[in-house]
Amino acid sequence: MSSYCLATYRCYDEKADFAKKAQGIAVGLTVGSWTDLPEAKKAEMEKHLGRVVDIRVHEPAEGAPLSERYADIDIAYPDLNYSRDIPALLVTVFGKLSMDGRIKLIDLKFSGEFLSAFPGPKFGIRGVRNLLGVHDRPLLMSIFKSVIGHDMPALREQFYLQALGGVDLIKDDEILFENPLTPIEKRVETCLEAAHQAEKETGQKLLYAVNLTGPTFELKNQARKAIAAGANAFLFNVLAYGFDVLHELARDPEIKVPIMAHPAMAGAMYPSPYHGIAASVLLGKLMRIAGADIVLFPSPYGSVVMPREENMAIQHALLSGPPEYIYAGGSGNGSGTANPAGTAFPQTSFPVPSAGIHPGLVPLILKDFGGEVIVNAGGGIHGHPMGTAAGGHAFRQAIDACLQGKPLRVYAETHPELQAAINAWGIKE
Ligand code: 1AE
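Read on for a plain summary of the structure. (Residues numbered from 1 in each chain as written. Predicted model: local features only at pLDDT ≥ 70, side-chain atom pairs only at ≥ 80, totals over all residues. Heavy atoms only, no water.)

**With respect to helix α5 (residues 124–132)**
Condition: Partly exposed residues are those whose accessible area sits between 20% and 50% of the maximum for their type, while under 20% is buried and over 50% is exposed, using a 1.4 Å probe and protein chains only. Runs of E in the DSSP output that reach at least two residues are strands. Runs of H or I that reach at least four are helices, and both are numbered from the N terminus. By the convention used here, residues are in contact when the closest approach between their heavy atoms is within 4.5 Å.
Along α5, the residues that are buried comprise G124, I125, G127, V128, R129 and L132. In this structure, the buried side of α5 is in contact with β5 (139–143), β6 (169–171), β7 (207–211), β11 (294–298), α12 (308–319) and β12 (350–354). One or two residues past the end of α5 sits G133, with phi positive at roughly 70°.

**Looking at the environment of G391**
Take G391: it is sitting in helix α16 (residues 388–403). Given a relative accessible area of 0%, G391 falls into the buried group. Here the alpha-carbon distance between G391 and G379, two residues 12 residues apart in the chain, equals 9.2 Å. Excluding residues that lie within four positions of it along the chain, G391 makes contacts with I381 and H384.

**Re the sheet that holds β12**
Here is the rule: Two strands qualify as a pair provided that DSSP identifies no fewer than 2 bridges between them. Axis lines are fitted to C-alpha atoms, over the contacting stretch for helices. Their N-to-C directions set the angle, which ranges from 0 to 180 degrees.
Read from one edge of the open sheet, 8 strands run β12-β11-β9-β8-β7-β6-β5-β13, paired in parallel fashion. Sheet topology places β12 and β13 (374–377) at the edges, where each strand pairs with a single neighbour. The sheet shows a mean angle of 25° between the axes of neighbouring strands, taken without regard to direction. Summarising the sheet, strand β8 (residues 233–236) and strand β9 (residues 259–261) pair through 3 bridges and their orientation is parallel. Note that in β9 the partner of F236 across the bridge is A261.

**A look at the site of the ligand**
The following threshold applies: We call a residue near a molecule or strand as soon as one heavy atom of that residue lies within 4 Å of the molecule or strand. Distance and chemistry together define a polar contact, namely a pair of N or O atoms within 3.5 Å, with one atom able to donate a hydrogen and the other to accept it when in protein, and with adjacent residues in sequence counting only for side-chain atoms on both sides. Per-residue accessibility takes into account occlusion by the displayed protein chains alone, with areas from the Shrake-Rupley method and a 1.4 Å probe. Nonpolar residues are Ala, Val, Leu, Ile, Met, Phe, Trp, Tyr, Cys and Pro. Charged residues are Asp, Glu, Lys and Arg, and all others, Gly as well, are polar.
Taken together, 13 residues lie near the ligand, and K145, H262, G356, G378 and G379 sit nearest. A distance of 2.8 Å is found between an oxygen atom of the ligand and a backbone nitrogen or oxygen belonging to G378. A distance of 2.7 Å is found between an oxygen atom of the ligand and a backbone nitrogen or oxygen belonging to G379. For the ligand, the protein covers 85% of the area, taking 380 Å² as the surface of the free molecule. Its residues assigned to classes, the shell around the ligand shows 4 nonpolar, 5 polar and 4 charged.

**Topic: the sheet that holds strand β4 (residues 103–109)**
One open sheet holds the 5 strands; their spatial order is β2-β3-β1-β4-β10, and the pairing between them is mixed. Both edges of this open sheet fall to β2 (51–58) and β10 (276–277), since each of them pairs with a single strand only. Here β2 pairs with strand β3 (residues 70–78) via 7 bridges, running antiparallel. The residue bridging H58 from the neighbouring strand is Y70, located in β3.

**Some details on the packing of aromatic side chains**
For any pair of aromatic rings, geometry is given as the distance between the ring centres together with the angle between the planes. Under the convention used in this document: Aromatic pairing here means that ring centres of Phe, Tyr or Trp (its six-membered ring) are within 6.5 Å. Orientation follows from the plane angle: under 30 degrees is stacked, over 60 is edge-to-face, and everything else is tilted. In our convention, an over-ring charge means Lys NZ or Arg CZ found within 6 Å of a ring centre and within 35 degrees of that ring's normal.
In total, this model carries 13 aromatic pairs according to the counting rule given. With a centroid separation of 6.0 Å and an interplanar angle of 10°, the aromatic rings of F110 and F114 are classed as stacked. By the burial criterion, F110 is buried, and F114 matches it. Clustering of aromatic rings is evident, with ring pairs tying together Y82, F110, F114, F118, Y325 and F345. The ring of Y274 is capped by R102, whose NZ or CZ atom sits 4.9 Å from the centre of that ring. Between the NZ or CZ atom of K285 and the centre of the ring of Y325, over which it lies, the distance is 5.2 Å.

**Here we look at the pairing of β11**
Extensive coverage of β11 is indicated by the burial of 5 of its 5 residues. On β11, burial covers both faces: I294, L296 and P298 on one face and V295 and F297 on the other are all buried. Direction of pairing for β9 relative to β11: parallel, over a ladder of 2 bridges. By the bridge assignment for β11, A261 is matched with V295.

See the structure below:
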């Protein structure tokens, strides 16, 4: 028998017979109809039939509205039904179904066979750290801000000041697209030249994630041009293009730089408890298997807020091992873990909780994410009262304080940049 991928849905319904509902999904999304088929046809179609694996019904607590009645339903889909790409799997497990009442895709597990088509991140956490030569602390990233309409000298100045602040990575703003004032090759050349100038003062290497934009079929050309100009990382608005585009870029041997996934558009897909795709699947599992080396998402601490459990679930998806990913059900090759790249399993992706981050939030970030995290800020760096470079220093000082087990307030007594940041934004511990 073939191997299977497993989809888990949370389905809300006041009075449904969930067993019947689950069976309807399993059949409807695979062979279409079952009971009406003649016996000979049934035998032929059996191998394509989805299977209900488990149903966990949650009746509302006493006094709670009936509308809160739901079931978590696991359905296994035969690999035989879809090609080895994310669009085919997503359309199978949550295509039409995503529009059919209060139902959310809350987890996906893949067969070893399906996963074998996904080499995953080329660099991952280890590779990004190797490029930077930093292995003993969380990384720090700064975001270009207010750069639309600016010319190259203005961009260079902003880049240089960010680099002087001791950041490890600088990313384009996701809304900076191809434009005549600062086209991608020029941005790369100019900004990396500024990075080298700053490196002479800071002694620090730096990755610049330039925004890879434009029509889908032009992206590889754009990427090649940027790499020829020296690009050492890309930012990519994955959800606007689709996971398969990320997958294509990540598996292209010529694109030999890390890819950073921006979560733009994700808010249209994950926040509702009743609809869409759980953040851990959307910004966790699918980003990782599609090949994102670094993944941004809203944090529980800053200006665009995501609940902490969802943040932790994304982190888990980006860092966890085969048991979280591989469904070994069925009697086929469900437990295989090899993939064609020769890696045992897709590398981990760097988690980047983002939006509205300032130095006073660093203790919380490190408490939740530990050392394998990129602390990322735009406004929290450029808005520093002593300027952009001081903004970077304040973050580095906050990270150092945490690594030394010192309270920020105490560390700030001898570190004026951190003190100024705390005066401006406070501390959350
Ligand atoms: C969740 C994405 C955050 C992001 O891309 C961004 O630009 C944040 O900027 P700040 O740190 O909120 O200014």
